[in-house]
Amino acid sequence: MHLQDNLEQNRPQLTGNILLFYAFDVGDEIDLETIKQNALVETCVVPLSPYFKNYHLPLSFKLGGEPAALRAQCVSSKIYSFGVLSFCYQIPFQESFEDLKLKIIDIKKYFDEKSEKDARRVFNKIHPAIKKSVFHNVNHAYFVVQVYPVPQKISSDEFKELYGSKIASLLKLEIYTLSDYQKDEILTATIGYYGQDFMIIDSAGSFIYDETYSDSLEFFESANIQKLELQYFDRTLDEKLTIYSQQKYKIPFSAYIPLLGNDIYSPISRLAKLRVDISVITERLENSIKLAGDTYYSKLYSLLVEKMSLKEWRDSLNRKLEIMRDLYQVHQNRLDTIHEEELTVVIIILIALEAIIAFFR
């Protein structure tokens, strides 16, 4: 109790970094080789993470233009071949917990706008290398508050007990204190590696109480991009299926031509192609992480998947993909029936012609 009163009275200054992750979907596909050959952006070499596979790698580049007033910098800027721009901004701070809650809300608003401007600037530079470019289809953001252990000799459990309510409010970007139920639910998603560090994972942000945190940043970036792509595909499928359900498609004349009709006619042929694209990209994102034998980072990734509801988004996509498969099957059966009827008519005509010729002979 004496420790708690002492720390509350002194209101120690916390030192650390605010990390903001942003992802933007800007097109169907980006040709990374075209970007490199034409020097559309200033590329750079980034050391490969041991926890991610070394193929289908994004293109890292220098963003530049960080505001000096905030001492901020873009520590990661990447272009992904499946049409995504990703940024991570790092803003150092030295604040009390009360001031930090207010500061991060203002900083996030500022970087919400800045990230979109930066993405637009990069989009204009690499536009020739983007297939079906649109700025931007969807975007998604995630933040991390990293705090260096306080100078006072308190354990991580004592720190979490003392500041648990403030951490919970911070991760929800709430000025007021949350209920005990909300606080306990947030604090249960805690992992740690050593005795003096811990990490709390939540849906919109995470809290890191540790000096070494760089290895975990790519997991936050990867999860943020996965959420972006799942939201984009889910919205795209909704739009396509809504359009399909509201219109009555007529079979074009080309569909009656055997062989050729199968390739030309299909009111959901584009949906079928989209289904393949979704399967390929989601599989690539899910399997880009290799965590065999590493319990700590496996737990970190599992918590991110749980808190960001990635499994629920995947399940929603799978249900819609099943609907697409059923629709495709219905239309394929319809085509097969048309071609069988055509064949029957042709046979009847041939028999009739043969009978007529035989009669006149």
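This text follows the structure it describes.
Below is a summary of the structure that appears in this document. (Residues numbered from 1 in each chain as written. Predicted model: local features only at pLDDT ≥ 70, side-chain atom pairs only at ≥ 80, totals over all residues. Heavy atoms only, no water.)

## Points about the overall build of the protein
For the protein, the helix and strand inventory stands at 10 helices and 10 strands. Here the protein, with 361 residues, has 47% of them falling under the buried criterion. Summed over all atoms, the accessible surface of the protein reaches about 19800 Å², with 53% contributed by carbon and sulfur. (Helix = DSSP H or I, 4+ residues; strand = E, 2+ residues; numbered from the N terminus. Buried < 20%, exposed > 50% of the residue type's maximum accessible area, 1.4 Å probe, protein only. Areas by Shrake-Rupley, 256 points an atom, 1.4 Å probe, with all protein chains shown as cover.)

## Brief notes about unusual backbone geometry
The phi torsion at Ala39 lies on the positive side, around 50°, for a residue other than glycine. With respect to the secondary-structure elements, Ala39 resides in the loop between helix 2 (32-37) and strand 3 (59-60). Although it is not a glycine, Ser309 sits at a positive phi angle of roughly 55°. Checked against the element boundaries, Ser309 lands in the loop between helix 9 (295-307) and helix 10 (310-360).

## Some remarks on empty space enclosed by the protein
A full pass over the atoms with the stated rule returns one cavity of 30 Å³ or more. Here the largest cavity defines a volume of roughly 30 Å³. Where the lining of the largest cavity is concerned, the elements lending two or more residues are helix 6 (214-246) and helix 8 (269-286). By residue number, the principal contributor to the lining of the largest cavity is helix 8, which donates three residues. Tallied by class, the residues present in the lining of the largest cavity amount to two nonpolar, two polar and two charged. (1 Å grid on protein atoms, 1.4 Å probe; cavity = no way out; pocket = protein on both sides within 12 Å on 5 of 7 lines; lining within 4 Å. Points joined across faces, edges and corners; volume = space filled by probe spheres on them. Nonpolar A, V, L, I, M, F, W, Y, C, P; charged D, E, K, R; others polar.)

## Some details on the sheet that holds strand 8 (residues 190-191)
The strand order across the open sheet formed by eight strands is 3-4-5-1-7-10-9-8, and the pairing between neighbours is mixed. The open sheet has two edge strands with one neighbour each: strand 3 and strand 8. Against the sheet, helix 9 contacts strand 7 (139-147), strand 8 and strand 9 (198-201), and its axis sits at roughly 20° relative to strand 9. (Pairing = 2+ DSSP bridges. Contact = heavy atoms within 4.5 Å. Axes fitted to C-alpha atoms, helices over the stretch in contact; angles between N-to-C directions.)

## Description of a nonpolar patch on the surface
A cluster of nonpolar side chains, contributed by Val345, Val346, Ile349, Leu350, Leu353, Ile356, Ile357, Phe359 and Phe360, occupies part of the molecular surface with about 940 Å² of accessible area. Since its relative accessible area comes to 52%, Leu350 is described here as exposed. (Patch = residues over 30% accessible without salt bridge, like charges linked within 9 Å, V, L, I, M, F, W, Y side chains within 5 Å. Salt bridge = Lys/Arg side-chain N within 4 Å of Asp/Glu carboxyl O.)

## Points about the pairing of strand 9
Judged by which residues are buried, strand 9 turns out to be covered on both faces: Phe198 and Ile200 on one side and Met199 and Ile201 on the other are all buried. Turn length for the strand 8-strand 9 hairpin, with the two strands adjacent in sequence and antiparallel, is six residues. The pairing of strand 9 with strand 10 (residues 205-209) spans four bridges and is antiparallel. For Phe198, the partnering residue across the bridge sits in strand 10 and is Tyr209. The antiparallel hairpin formed by strand 9 and strand 10 contains three residues in its connecting segment.

## Here's the deal with the packing of aromatic side chains
Within this structure, the stated rule accounts for 28 aromatic pairs. Residues Tyr193 and Tyr296 carry aromatic rings whose centres are separated by 5.2 Å and whose planes lie at 80° to one another, so their mutual orientation is edge-to-face. Within this pair, whereas Tyr193 is found in the loop between strand 8 and strand 9, its partner Tyr296 is found in helix 9, the two being separated by 103 residues in sequence. Members of the aromatic cluster, joined through ring pairs, are Tyr22, Phe24, Phe61, Phe87, Tyr89, Tyr110, Phe111, Phe123 and Phe135. (Phe/Tyr/Trp six-rings, centres within 6.5 Å; stacked < 30°, edge-to-face > 60°.)

## So, the pattern of salt bridges
Scanning the model with the defined rule gives 15 salt bridges in all. Among the salt bridges present, the one from Glu42 reaches Lys62, with a minimum N-O distance of 3.6 Å. Within this pair, whereas Glu42 is found in the loop between helix 2 and strand 3, its partner Lys62 is found in the loop between strand 3 and strand 4 (73-80), the two being separated by 20 residues in sequence. Residue class for Glu42 comes out partly exposed when judged on its relative accessible area of 48%. Here Lys114 makes a salt bridge to Asp118, at a shortest N to O gap of 3.0 Å. Here the residue Lys114 and the residue Asp118 both occupy positions in helix 3 (residues 97-126), the gap between them amounting to four residues, near one helical turn. Overlapping salt bridges, with partners in common, bring together Lys78, Glu218 and Glu221 in one network.

## Focus: the pairing of strand 10
Within strand 10, five of the five residues are buried, which leaves the element mostly enclosed by the surrounding structure. Side-chain alternation along strand 10 places Gly205, Phe207 and Tyr209 on one buried face and Ser206 and Ile208 on a second face that is also buried. Pairing between strand 7 and strand 10: five bridges, direction parallel. For Phe143, the partnering residue across the bridge sits in strand 10 and is Gly205.

## Quick look at the layout of surface pockets
Its boundaries defined by the atoms lining it, the largest pocket holds a volume of some 710 Å³. Looking at the largest pocket, it is lined by 26 residues, and the ones nearest its centre are Asp28, Lys132, Lys273, Leu274 and Asp277. Secondary structure elements with two or more residues in the lining of the largest pocket: strand 2 (29-30), helix 6 and helix 8. For the lining of the largest pocket, the leading source of residues is helix 8, giving eight residues. Its boundaries defined by the atoms lining it, the second largest pocket holds a volume of some 570 Å³. Contributing to the lining of the second largest pocket are 27 residues, with Lys53, His56, Leu57, Pro58 and Tyr80 lying nearest its centre. Among the elements of the structure, strand 3, strand 4, helix 6 and helix 8 are those that each provide at least two residues to the lining of the second largest pocket. In terms of residue count, the dominant contributor to the lining of the second largest pocket is helix 6 (four residues). Its residues assigned to classes, the lining of the second largest pocket shows 14 nonpolar, eight polar and five charged.

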